[in-house]
Each structure stands twice: as structure tokens, then as C-alpha cells.
Amino acid sequence: MVRSIVKYEFIANERQRKQTFRKRKANLLKKLSELKTLCDVDACAVIYNNGAEPEFWPSAQEACHVVERFDNIPTMTQTENTMNKEGMLLKNISKLEKELEIQKEKNGLLEDLLKNDASNLRNVDDLSGVLNLLDEKLSYVNLEISKRSSPLKDKI
């Protein structure tokens, strides 16, 4: 069964909203339980629901213990992995620039091959390397075609 895309907006129907809240809360707590068990980490959740008393998972006492442990960690350690928008963008740009350099090198190899009519290929390894490179390019082109044609199919 194919899942439909969910629009993330306020659910006006109160009964449906409460039902969605219950289901999603149960799934969240299940994932937290799995994370705690499988990875042997401390985890907790505090859920506020429309002015009602907050719900704690697994218990209020354990949640307070986890939060106290976190508060006792020095601020530098707490925030060392946090990133603002500018930092995130710079990191992404750096990653993309590295990928671009790799693609330029591959494209240069392919251009050299096409200009030199393949006379510089001496053995099967050279040919298989070129074949792999062409397969990568072809799969990338097919992926881009499918990405760009799928919005058109939705409109038809």
C-alpha cells in the first residue's frame, strides 16, 4: 500500500486531531523506548497537551534525572554540535564543492578519452573504468529525468 503525502498543517477537526495526537505520541514513545533499549542511552520525553498536566516518559523522576545530567554538562559541551543556519550552509557548500571537484576530475577523464579516440587505453582495466564511469553518468541522467518527469505526471 502506498502512503499518501501528508500536509503538515493544523488539523481543524478536533476528534481527528486528538486521534492523530494519540497515535503519533504512541509512535514517538515507542521509538524512544527502542532507542533507549537498543543503544543503551538515557532518553526521556516531556509532552504538554493543551494546558493539561505534562506527561513524562518513562517517568517524571527519570525525566528529571536525565535533564539534571544534561544541565550538569558544561555549556560548551552541550552546544559543540549545534550549528546556526550560516554554519550549516557553509558546511553544505564545502561538501558540494568537494563533490564538484570529484565530478570535474571524472568529466576530465571522459573528455580526454573522447578527444584522444581511446588510443591511450591499453588494457581491460582502463576500459572497465571507463565503462563504470559511463554507467554512473547514465544512471544519474536517468534519475534526473525521472525526477523531472514525475511532477509532470502529477499534473496530467
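Just so we're clear, the structure is a prediction, and the values are computed from it rather than from any experiment. (Residues numbered from 1 in each chain as written. Predicted model: local features only at pLDDT ≥ 70, side-chain atom pairs only at ≥ 80, totals over all residues. Heavy atoms only, no water.)

**A look at the overall build of the chain**
Next, step 1: A tally of regular secondary structure across the chain gives five helices and two strands.
Next, step 2: Written out in order from the N terminus, the α and β elements of the chain read α-β-β-α-α-α-α.
Next, step 3: Expressed as a percentage of its 156 residues, the buried residues of the chain come to 9%.
Next, step 4: In the chain, the share of contacts with a sequence separation of at least 24, taken over all contacts with a separation of at least 6, comes to 25%.
Next, step 5: Summed over its atoms, the accessible surface of the chain is roughly 14,100 Å², and 57% of this surface lies on carbon and sulfur atoms. (Helix = DSSP H or I, 4+ residues; strand = E, 2+ residues; numbered from the N terminus. Buried < 20%, exposed > 50% of the residue type's maximum accessible area, 1.4 Å probe, protein only. Contact = heavy atoms within 4.5 Å. Areas by Shrake-Rupley, 256 points an atom, 1.4 Å probe, with all protein chains shown as cover.)

**Things to note about the nonpolar core**
Next, step 1: Listed in full, the six residues of the largest apolar core are Leu29, Leu32, Ala43, Ala45, Ile47 and Trp57.
Next, step 2: Counting residues per element, the ones that place at least two in this core are helix 1 (14-39) and strand 1 (45-47).
Next, step 3: Those residues in contact with Ala43 that lie beyond four places of it in its chain are Leu32, Trp57, Pro58 and Val66. (Core = buried A, V, L, I, M, F, W, Y, C linked by side-chain atoms within 4.5 Å.)

**Thoughts on a nonpolar patch on the surface**
Next, step 1: A cluster of nonpolar side chains, contributed by Met83, Met88, Leu89, Leu90 and Ile93, occupies part of the molecular surface with about 480 Å² of accessible area.
Next, step 2: Locating Leu90 in the fold gives a position in helix 4 (residues 85-115). (Patch = residues over 30% accessible without salt bridge, like charges linked within 9 Å, V, L, I, M, F, W, Y side chains within 5 Å. Salt bridge = Lys/Arg side-chain N within 4 Å of Asp/Glu carboxyl O.)

**Thoughts on the pattern of salt bridges**
Next, step 1: Counting across every chain of the model gives five salt bridges.
Next, step 2: The salt bridge involving Lys25 is made with Glu55; its shortest N-O contact spans 2.5 Å. Within this pair, whereas Lys25 is found in helix 1, its partner Glu55 is found in strand 2 (residues 55-57), the two being separated by 30 residues in sequence.
Next, step 3: Accessibility expressed as a relative area gives 31% for Glu55, which makes it partly exposed.
Next, step 4: Its salt-bridge partner being Glu62, residue Lys36 comes within 3.1 Å of it at the nearest N-O pair. Of this pair, Lys36 sits in helix 1 while Glu62 sits in helix 2 (residues 60-72), and the two are 26 residues apart along the sequence.
Next, step 5: You can call Lys36 partly exposed: its relative accessible area is 25%.

**A look at the layout of surface pockets**
Next, step 1: Empty space within the second largest pocket amounts to approximately 190 Å³.
Next, step 2: Along its surface, the second largest pocket is lined by Val6, Lys7, Tyr8, Glu9, Phe10, Ile11, Arg17, Thr20, Phe21 and Arg24.
Next, step 3: When grouped by side-chain class, the residues that make up the lining of the second largest pocket number five nonpolar, one polar and four charged. (1 Å grid on protein atoms, 1.4 Å probe; cavity = no way out; pocket = protein on both sides within 12 Å on 5 of 7 lines; lining within 4 Å. Points joined across faces, edges and corners; volume = space filled by probe spheres on them. Nonpolar A, V, L, I, M, F, W, Y, C, P; charged D, E, K, R; others polar.)

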